[in-house]
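# Structural features, examined
Take a look at the letters that make up each chain.
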Amino acid sequence: MTAISSLMVHWAGEGSDVIVCLARNINSKLNQRPSAVYISNNYGDTFENITNQFELGPNKGYATLDKFYTHPKYNLYMVFADVTNQMIYTSTSPGTVTRIKLNFHPSNITFHEEEPLTFLAYDMVDPEKKLWLTKDFGQTWYKVHEYVKAFYWVTGPDSSDPAAGQTTYLALERGEPKGSSTVLLSKSLFQNPRDTSVLIEDVDNFQVRGDFMFVTRKSGRDNLDLYISHKKGEFLRAQFQSEMNRREFYIADITDTQVFVAVSHTQSQANLYVSQAEEGRSLKFALSLERIFCYFPNTTWRDSWLSNVADETFADFHKVEGLNGIYIASQVFSNVSEGKIGPEHLMTMITFDRGGVWQPLAAPLYDEDGNRVNCSIVS
């Protein structure tokens, strides 16, 4: 039996008994099976090994499957990706697999939400960082763009035909020779050059969250500006209630049209801000919580234990599901040095009014065994 290094499990969803498992062994030898795929049609009571369908070709061994992707709505539409051998295996029904050889590396795959046969494949191995498109489930491919740094599906009204309702666009960040980026938008998924529009130029970073698009621009040696677009509208510059430098931004939460942003100011301080009203061509953000516990790998807590356990930005900030306007966050005590941060330096805070007022979250008097809880606030 081959040792398993990792296991991915996918349930096809409500009303289905199909479960797919991908087992990977990263230490397998040549011509052994580095990946194994099992499928169940009876909700996991029994599994069938269908690994033989993932051969590279006659006498070429088996695929090294890095990951498999499922359509968000049509859960039986799946794509298994072999980045190393430039191969994908597609499936639209349990246990039936089609092998497709590519001339690029399928590092990341993203489905069109409404069209199950349409998906994007991003080649992170290619120095030109090309993005590819298929509309027939991998049989034929079209190059979308090169030097792509980020890409997102964006839904919004069709400005050329307001009666058409919501339309799906493709937005991407293209790296430029001078080092900055340009954000482009296309209704034809960049297959018709005439419908490609430039949303904003001279960008440092770009991301999409819900109905919002966010970009950053350098505004000094150690300072960034944040620009925000809602539902494909004009990008407005965010104005923050602080005179400190803004070194990085983290979008902590979006609810309706309200945005929470954590801003890195120094190596040991990040503050939480909440969006207010528009003023001309800017969007005001008010200070919500000072010293929120937020880790930015490039700017905050770099000399602490966090650098060994986290690769991406995160904030200890959580919305209480089902309760409108209630959030919980961790606040760092004042005067904590960069390399000394630990659980003993954090206080749990709660707000009941969308970040307007925060207060310490009271600990219970007794634990589940009836013992008195010894918890007091220190700073």
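Predicted model only: the values in this text are computed from it and were never measured. (Residues numbered from 1 in each chain as written. Predicted model: local features only at pLDDT ≥ 70, side-chain atom pairs only at ≥ 80, totals over all residues. Heavy atoms only, no water.)

## Describing the sheet that holds strand β11 (residues 131-134)
Strand order in this open sheet of four strands is β9-β10-β11-β12, and the pairing throughout is antiparallel. Only two strands of the sheet have a single partner each, and these edge strands are β9 (108-111) and β12 (142-145). Looking at each pair of strands side by side, their axes are set apart by 30° on average, direction ignored. (Pairing = 2+ DSSP bridges. Helix = DSSP H or I, 4+ residues; strand = E, 2+ residues; numbered from the N terminus. Axes fitted to C-alpha atoms, helices over the stretch in contact; angles between N-to-C directions.)

## A look at the environment of isoleucine 100
Counting through the fold element by element, isoleucine 100 comes out in strand β8 (residues 96-101). Overall, the relative accessible area of 8% leaves isoleucine 100 in the buried class. With sequence-adjacent residues up to four places away left out, isoleucine 100 is seen in contact with Gln86, Met87, Ile88, Thr90, Phe137, Gly138 and Gln139. (Buried < 20%, exposed > 50% of the residue type's maximum accessible area, 1.4 Å probe, protein only. Contact = heavy atoms within 4.5 Å.)

## Remarks on the packing of aromatic side chains
As enumerated under the stated definition, the model contains 23 aromatic pairs in all. A centroid spacing of 6.0 Å and a plane angle of 80° characterise the contact between tryptophan 11 and tyrosine 43, whose relative ring orientation is edge-to-face. Placement of the pair is tryptophan 11 in strand β1 (residues 6-11) and tyrosine 43 in the loop between β3 (35-40) and β4 (48-49), with a sequence separation of 32 residues. One aromatic cluster is present, formed by Tyr74, Tyr77, Phe104, Phe111, Phe119, Trp132, Phe137 and Trp141 through successive ring pairs. Lying over the aromatic face of tyrosine 169, lysine 232 brings its terminal NZ or CZ to 4.5 Å of the ring centre. (Phe/Tyr/Trp six-rings, centres within 6.5 Å; stacked < 30°, edge-to-face > 60°. Lys NZ or Arg CZ within 6 Å of the ring centre and 35° of its normal.)

## Points about the sheet that holds β8
Spatially, the four strands line up as an open sheet ordered β5-β6-β7-β8, and their pairing is antiparallel. The sheet terminates laterally at β5 (67-70) and β8, the two strands that pair on one side only. Taken pair by pair, the neighbouring strands of this sheet meet at an average axis angle of 20°, ignoring direction. Relative to strand β7 (residues 87-93), strand β6 (residues 78-82) is paired through five bridges, and the arrangement is antiparallel. When the bridges of β7 are listed, phenylalanine 80 appears paired with tyrosine 89.

## Regarding the pattern of salt bridges
Tallying each qualifying case throughout the model produces ten salt bridges. Between glutamate 173 and lysine 149 there is a salt bridge, with its nearest N and O atoms 3.7 Å apart. Of this pair, glutamate 173 sits in strand β14 (residues 166-175) while lysine 149 sits in strand β13 (residues 148-157), placing them 24 residues apart in sequence. Salt-bridge contacts for lysine 218 lead to aspartate 204; the nearest nitrogen and oxygen are separated by 2.6 Å. (Salt bridge = Lys/Arg side-chain N within 4 Å of Asp/Glu carboxyl O.)

## Thoughts on the pairing of strand β29 (residues 346-351)
As defined by bridge partners, strand β28 (residues 327-332) adjoins β29 across six bridges and the pair is classed as antiparallel. Bridge pairing links alanine 329 to methionine 349 in β29. Two elements, β29 and strand β30 (residues 358-360), share three bridges in a ladder whose sense is antiparallel. Looking at β30, one finds that isoleucine 350 is bridged to glutamine 359.

## A few points about the side chain of arginine 246
Along the chain, the position of arginine 246 falls in the loop between β20 (236-240) and β21 (248-255). Polar contacts involving the side chain of arginine 246 include one to the side chain of aspartate 225, which spans 2.7 Å. Setting aside chain neighbours within four positions, we find arginine 246 in contact with Ser219, Asp222, Asn223, Leu224, Asp225, Phe240, Val263, Ser264 and His265. (Polar contact = N/O pair within 3.5 Å; in protein donor to acceptor, adjacent residues only side chain to side chain.)

## So, unusual backbone geometry
Non-glycine residue tyrosine 147 carries a positive phi angle of around 55°. In this fold, tyrosine 147 is placed in the loop between β12 and β13. A relative accessible area of 42% means that tyrosine 147 is categorised as partly exposed. The backbone of aspartate 202 shows a phi angle near 55°, a positive value even though the residue is not glycine. Looking at the element boundaries, aspartate 202 is found in strand β16 (residues 196-203).

## Re the nonpolar core
Judged by nonpolar contacts, the single largest core of 26 residues is most densely connected at Leu272, Ile292, Trp301, Phe317 and Trp358. Look past the residues within four positions of isoleucine 292 in its chain and what remains in contact with it is Ala262, Ala270, Asn271, Leu272, Phe317, Ala329, Ser330 and Val332. Formed by 17 residues, the second largest nonpolar core is a distinct cluster that contains Val37, Phe54, Leu65 and Met87. (Core = buried A, V, L, I, M, F, W, Y, C linked by side-chain atoms within 4.5 Å.)

## Focus on the side chain of arginine 247
Structurally, arginine 247 can be placed in the loop between β20 and β21. Excluding residues that lie within four positions of it along the chain, arginine 247 makes contacts with Asp222, Leu224, Ser264, His265, Thr266, Gln267 and Thr299.

## Some words on the pairing of strand β22 (residues 258-266)
Counted residue by residue, β22 has eight buried out of nine residues, so it is predominantly covered. Note: β21 against β22, seven bridges, orientation antiparallel. Counted as the bridge partner of isoleucine 254 is valine 259 from β22. Between β21 and β22, which follow one another and run antiparallel, lie two residues, and aspartate 256 among them has a positive phi close to 55°. One ladder, built from six bridges, connects β22 with strand β23 (residues 269-279); its direction is antiparallel. Bridging across to β23, alanine 262 finds its partner in leucine 272. Taken together, β22 and the strand that follows it, β23, pair antiparallel across an intervening segment of two residues.

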